[in-house]
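# Structural overview
Spelled out from the first residue to the last, the chains are:
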Amino acid sequence: MDKKLISIIVPVYNVAQYLDTCIQSLCNQTYSDLEIIIIDDGSTDESGKICDQWGQKDERIKVIHQDNMGLSATRNKGIDIAKGEFISFVDSDDAVMPDMYSTLLKGLKDNNVFVSVCGYDKIDEQDNIIPGICPDAEEGLYTPEQYFKKIYENDRTHAQLVVAWGKLYRKELFSSLRYNPDRIHEDEFLMNELVLKAGNIYVSPERYYLYRQRTGSIMNKKIDVRHMDYVYATKERISICNNAGMSKEVVDIIAKNCIDYGIGFWGLLVKYKAATPEEETEYYREICSLVKTHKKVVTGSKKIKWQMFEKFPRLLKLMYRLLK
């Protein structure tokens, strides 16, 4: 296999406890032709110092310090300066198995694709693997339509196929694409465009990425209105699939997921008073428009739930608040 440079982009923010484990796992890769771009995003703990120590140990590591810009802007900066033909993203509290990049690159080249995906294991704060309840996606070559459909098979495949990490990309995919710094579900938004632009995507069942579950991560913070971004990203996905002429089956699967999440999230906003009355109304209208368009595809208890949401929002709000 001809050696090609892989640029690994690692945004860092206040993860001193896990940073050594992360960087060590990258340096230990069996595929050695790497550019490891570590961007300290204004950390206030010892993370910046640890980054510099690693930069002195391994010439493949490039360390950048900046004022806090957030995850998306930091990833974008890494894309801008990456010199590799291929790029990958690793979260700085996670780690990877030694063969991850040799396997991802082989999958990408053997199948002549622009994106190669691997599975993942969850680890706790002591590096212990947390057994997975759901399987990863089956190995194979997926068209955009198949890929979008597979995302919604279960929670685990959703994470595996949508998140930025656990993947190897040809850098040219990002020639006109960047993460939106104003969104917290930035992966969902960008994946909409990446999937179509990439065409076929290769998925490996091997669990080479180690995703750490910890209490201080972005997605574990208290519910707030920003999580409505998931609904907006999924509505955009529905539009993209429709415009691309994908099947009604796929569109309906995505719509069901979006509506179920949206109704549940709206209920949490109401229950915990996490939104202003104006925001509650705005989000209700966004979700209700989807219900009106797609309500014919559901039956049973889900149909009753959707009908209550559409026709009796005040009663539903009262019920959510009483349940608190």
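Please refer to the structure placed before this passage.
The present account deals with the structure reproduced in this document. This is a predicted model, so every value here is computed, not measured.

## Re helix H11 (residues 300-311)
With 12 residues, H11 extends 17 Å from end C-alpha to end C-alpha; this agrees with the ideal 16 Å at 1.5 Å per step. Residues of H11 that are buried include every one of Trp 306, Phe 309 and Glu 310, and no others. The buried side chains of H11 occupy one side of the element, clustering within an arc of 95° when seen end-on. Summarising the geometry of H11, the exposed residues directed more than 90 degrees from the buried face are Ser 301, Ile 304 and Lys 311. Close packing links the buried residues of H11 with helix H9 (248-271), helix H10 (277-294) and helix H12 (313-323).

## Re the packing of aromatic side chains
Geometry of an aromatic ring pair is reported as the spacing of the ring centres plus the angle between the planes. Using the criterion set out here, one finds 16 aromatic pairs in the structure. Plain terms: the ring middles of Phe 89 and Phe 174 are 5.9 Å apart, the flat faces sit at 70° to each other, and that makes the pair edge-to-face. Here Phe 89, found in strand E4 (residues 86-89), pairs with Phe 174, found in the loop between strand E9 (167-170) and helix H7 (186-198); they are 85 residues apart in sequence, far enough to count as distant. Across the pair, Phe 174 and Phe 89 agree in class, each one buried. Between the aromatic rings of Trp 165 and Tyr 209, the centroid separation amounts to 4.4 Å while the plane-to-plane angle is 10°, which identifies the pairing as stacked. You can see Trp 165 sitting in the loop between helix H6 (155-162) and E9 and its partner Tyr 209 sitting in strand E10 (residues 201-212), a full 44 residues away along the chain. Judged by its relative accessible area of 6%, Trp 165 falls in the buried class. Using a relative accessible area of 0% as the deciding quantity, one classes Tyr 209 as buried. An aromatic cluster is present here, built from Phe 89, Tyr 169, Phe 174 and Tyr 179 joined pairwise through their rings. One Lys or Arg, Lys 57, reaches over the ring of Trp 54 and ends 4.3 Å from the middle of that ring. Between Arg 75 and the ring centre of Tyr 179, over which it is positioned, the NZ or CZ distance is 5.1 Å.

About the criteria used
- Residues numbered from 1 in each chain as written.
- Predicted model: local features only at pLDDT ≥ 70, side-chain atom pairs only at ≥ 80, totals over all residues.
- Heavy atoms only, no water.
- Helix = DSSP H or I, 4+ residues; strand = E, 2+ residues; numbered from the N terminus.
- Expected span 1.5 Å × (residues − 1).
- Buried < 20%, exposed > 50% of the residue type's maximum accessible area, 1.4 Å probe, protein only.
- Arc of directions from axis to C-beta.
- Contact = heavy atoms within 4.5 Å.
- Phe/Tyr/Trp six-rings, centres within 6.5 Å; stacked < 30°, edge-to-face > 60°.
- Lys NZ or Arg CZ within 6 Å of the ring centre and 35° of its normal.

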